[in-house]
Amino acid sequence: MELGIAGRVALVTGASRGIGRACAVELAREGARVCLVARDPGHLARALAAVEDAGGEGMTLSADLSTQEGCRDAVEGCVRELGALHILVNNAGAAREHHVADVPAELFDDALTLKLYGYLRMSQLALPLMREAGGGRIVNVAGAAGASPLPDNLPMSIANVGVLNLTRAFSDIAAPAGVTANAVCPGLTDTDRARELREERAASAGVGVEELLERMASRTPAGRMASPEEVARVVCFLASEAASFVHGTAVYMDGGARRATP
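Here the structure is a predicted model, which means the values were calculated and not measured.

Judged by how many residues are buried, strand S2 (residues 33–38) sits mostly within the fold: five of six residues are covered. Taken together, the five bridges between strand S1 (residues 9–13) and S2 define a ladder with parallel strand orientation. Counted as the bridge partner of Val 9 is Arg 33 from S2. Tracing the backbone out of S1, into helix H1 (residues 18–29) and back to the parallel element S2 gives a crossover that is right-handed. Here S2 pairs with strand S3 (residues 57–62) via six bridges, running parallel. Its bridge partner lying in S3, Arg 33 is registered against Glu 57. Handedness of the S2-helix H2 (residues 41–53)-S3 crossover: right-handed.

See below:
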């Protein structure tokens with residue numbers, strides 16, 4: 001299938017590791033020039049090397065997307081260096097886990113500030129540029145926790161609910177300009193971040209992180225975690241010309257764990 005991504009400029013947030021890095025590599029393989037944005041310059045450099053190893057072209061920007069200034073610096077830096085912005089993949093943000101019985105309100109603040117507000121600001125900055133370009137793609141990595149809250153993941157779940165609402169609302173104003181806005185909702189995914197988030201829970205259960213993740217994955221119909229590359233391929237499709245009539249939807253990639261009907 002011809003995706004029509006070659007020659008496009010894509011900005012991927014949270015691009016230094018995990019799903020974001022995989023998205024940057026996959027978009028580069030399809031011929032996009034990619035701007036990788038995250039906080040850690042060292043991780044960004046290694047992610048850019050992976051893009052280049054895949055035959056792609058890219059650049060990195062270190063920015064704090066929990067602030068308006070950081071978001072503006074990311075978008076303006078991308079356009080200054082690469083000349084345009086056609087594809088935005090919002091991926092930065094992950095909340096810490098904590099049981100709902102005593103979860104501090106500050107954890108909700110952290111989750112909303114980086115993920116929901118960051119996605120909103122980046123989308124607001126990108127839309128005028130995409131309108132000028134005659135179209136574009138916004139893909140929000142929301143996370144399946146938005147539809148499947150558990151007692152220990154409520155900050156993450158609340159942020160993801162907000163992202164799903166943002167995606168639907170933003171799609172309404174973007175569609176007339178030929179800009180699509182959609183969400184991808186991964187479930188448990190095989191990333192370093194998945195391990196970091198569950199270290200405390202594994203210790204409380206008296207097991208290693210790998211064993212805990214295997215137990216969690218075994219409860220899904222698919223019986224395993226997703227790979228970052230699997231998620232990236234769906235993101236890449238939604239960022240392509242092949243998905244030109246897909247507006248305001250959410251694609252769940254949770255191995256069948258979600259029980260609600262679409």
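There's plenty left to go through after this.
Moving on: the pattern of salt bridges. Counting across every chain of the model gives eleven salt bridges. For Glu 241, the salt bridge goes to Arg 8, with nearest N and O atoms at 3.6 Å. Here the residue Glu 241 occupies a position in the loop between helix H9 (228–238) and strand S7 (250–253), and Arg 8 occupies one in the segment before S1, the gap between them amounting to 233 residues. A relative accessible area of 27% places Arg 8 in the partly exposed class. Within this structure, Arg 8, Arg 137 and Glu 241 form a network of salt bridges that share partners.

Note that Ser 66 resides in the loop between S3 and helix H3 (68–82). Only 2.6 Å separates the side chain of Ser 66 from the side chain of Asp 64, close enough to count as a polar contact. If we skip the residues at most four places from it in the chain, Ser 66 touches Arg 39, Thr 113, Leu 114 and Arg 121.

Our focus in this paragraph is the sheet that holds S7. The strands that make up a sheet pair up through hydrogen bonds in the backbone, lying either parallel or antiparallel. As summarised here, the arrangement of the seven strands in space is S3-S2-S1-S4-S5-S6-S7, forming an open sheet in which the pairing is parallel. Sheet topology places S3 and S7 at the edges, where each strand pairs with a single neighbour. Strand after strand, the sheet turns through a mean of 15° between neighbouring axes, direction not considered. Here strand S4 (residues 87–90) pairs with strand S5 (residues 136–141) via four bridges, running parallel. Paired with Asn 90 across the strands is Asn 140, a residue of S5. On top of the sheet, H1 reaches S1, S2, S4 and strand S6 (179–186); it is set at about 170° to S1, its chief contact.

Criteria and cut-off values
Residues numbered from 1 in each chain as written. Predicted model: local features only at pLDDT ≥ 70, side-chain atom pairs only at ≥ 80, totals over all residues. Heavy atoms only, no water. Buried < 20%, exposed > 50% of the residue type's maximum accessible area, 1.4 Å probe, protein only. Helix = DSSP H or I, 4+ residues; strand = E, 2+ residues; numbered from the N terminus. Pairing = 2+ DSSP bridges. Right-handed = clockwise from strand over helix to strand, strands pointing away. Salt bridge = Lys/Arg side-chain N within 4 Å of Asp/Glu carboxyl O. Polar contact = N/O pair within 3.5 Å; in protein donor to acceptor, adjacent residues only side chain to side chain. Contact = heavy atoms within 4.5 Å. Axes fitted to C-alpha atoms, helices over the stretch in contact; angles between N-to-C directions.

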